[in-house]
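# Examination of the molecular architecture
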Amino acid sequence: MTWPRGADERGTVTARPPSDPLIRLRDVTHRTLLVETTAASDANEVYERLRLQWGSVAPVDLEPGVPAWLVLGHDEAVGVLRDDRTFIKDPSIWHGHAENLLGPQSALHLVLPRAPKPTLADADGAKHARMRPPVDDALSQVDEARAAAITRRLCGMLIDRFEDRGRADLVAEYAAVVPFLALSELDGLEPGQAQRLQEITRAIFESGAAARERTVELLEIVTEHIAHSRRLGTRDIAGVLAVHDNFESDLERAQTLTAITLAANEALLAWIAQTLALVLSDPRFSNRVSGGRLHIDDALDEVLWRSTTNPNLMPRFATREVVIGDKLIERGAAVVVGVHAANHDPLVQSADPWDTVGNRAYLSFGAGPHRCPAPRLGRVIARIAVAELLQRLQVTLVGDPDKVEWATSPWMRFPARLPVTFPPPVSPPAPGAWPPGPAEFAH
Ligand code: HEM
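Summary of the structure given here. Everything numeric here is computed off the predicted structure, so don't read it as measured data.

This part is about the sheet that holds strand β4 (residues 57-63). Taken in spatial order, the 6 strands make up an open sheet running β3-β4-β5-β11-β8-β6, and their pairing is mixed. The open sheet has two edge strands with one neighbour each: β3 (32-33) and β6 (87-88). In the sheet, strand β8 (residues 316-318) pairs with strand β11 (residues 334-337) via 2 bridges, with the strands oriented antiparallel. By the bridge assignment for β11, R316 is matched with V335. Most of the contacts of helix α2 (residues 43-54) go to β4, to which it runs at about 130°, and overall it touches β3, β4 and β5 (66-71). Taken strand by strand, helix α3 (residues 74-82) contacts β5, β6, β8 and β11, and its axis lies near 120° from that of β11.

In structure tokens, the structure reads:
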């Protein structure tokens, strides 16, 4: 039988007795694919359609035939993120394992492995409570002025590499590189080591089956770096983790250092690239930034409100049956918090777009025990990366600004490419010439 609410070709509820007011995942056929939310040219369109149809929690597919609940309501999202006893990160309790839902080629094996993952972001309860304080200690001691100086120097070095060419891809050659190099330097890694780690990390994401061997290699390098930092007594991120008593082994320290670096890299890539995409494709926005009415920080905030970098958080798994609205979340179900949708929940949104200026009440840094430990440091790096590029080059986006192609990740939203052109650099004035050109005052 067909349940009247939400019954259309996109989401049909079937096989439910009329006496049962609750909707279960398995009752729903034709679920929306999660990646549709991140690939849409208008980030709001798919979420709003789902909200209209299903309310605060919607059924989706992570891949065809792999169902999950997507939480769209702001209060419900905060509730899930804060309740880390009911919604845990350990994927071994996911019902899909017993039902063999993942085919051998599925890209979800990394996200939904059968065994618990060892990293901080995937730890629950007592283990997470033990591993999180060292991360807070290590990140809170980072000197923001030093982080800014490092980022500025790295940005300059990267811009130098493509400046003479008059064209570049700002994702591959800039946004994807600045955060990894900046974090690596704050981790105390040498440039050669950082480059090797980035190569291995890329290979892990591209290599599927060979990912395990690459991960071993990566952890060997980072474990050696931890031991080296302890011998030298450094006070960088690795040095703080190296002597922290909360860890049980150097392997745990290495896994944590790797997790910090990768978490920062992904989120910052998306934040920097999205802000540049917005500035370059929306004349109203770029005029506002260059016209000085809004600071770069406001531009960064507007991105997190309008089209956040991490619209869907990696799944949690229900440890018991829970009812949210008219949905029954069964034990073992995968639950994805829709950060973008929660940010746009009409119950918390103001109709006045100026209310978002200076307002940082978005969920883009998460909430609850796993909330991001580095929103300030992240902002320093993103702000410098965007500002340096806009100050150094007069870039123009190549192609139709309305047809920016988005990366095909269901979890992150960022442009796959940002091809730009810019005029070649003006030759510097001869030594001793006066007055100096504006470029010399830029820093
Ligand atoms: C220096 C930059 C950054 C570092 C070092 C960093 C590090 C981390 C780490 C280690 C975690 C896991 C915390 C835990 O599980 O206890 C985390 C979580 C998170 N980060 Fe960041 N991050 C950075 C930048 C960002 C940015 C720019 C964003 C988005 C704008 C972001 C969004 C998040 C979110 C939403 C979570 C929570 C994920 C969840 O609950 O599933 N982070 N971050």
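Neighbouring the ligand are 27 residues, the closest being H128, R132, R316, H370 and C372. K89 is positioned with one of its side-chain polar atoms (N or O) 3.2 Å from an oxygen atom of the ligand. At 2.8 Å, a side-chain N or O of R132 approaches an oxygen atom of the ligand. The set of elements that each furnish at least two residues to the shell around the ligand consists of α5 (125-140), α12 (250-281) and α16 (375-392). In terms of residues, the shell around the ligand owes the most to one element, α12, which gives 6 residues. A breakdown of the residues in the shell around the ligand according to their chemical character gives 17 nonpolar, 7 polar and 3 charged.

Cut-offs applied
Residues numbered from 1 in each chain as written. Predicted model: local features only at pLDDT ≥ 70, side-chain atom pairs only at ≥ 80, totals over all residues. Heavy atoms only, no water. Pairing = 2+ DSSP bridges. Helix = DSSP H or I, 4+ residues; strand = E, 2+ residues; numbered from the N terminus. Contact = heavy atoms within 4.5 Å. Axes fitted to C-alpha atoms, helices over the stretch in contact; angles between N-to-C directions. Near = heavy atom within 4 Å. Polar contact = N/O pair within 3.5 Å; in protein donor to acceptor, adjacent residues only side chain to side chain. Nonpolar A, V, L, I, M, F, W, Y, C, P; charged D, E, K, R; others polar.

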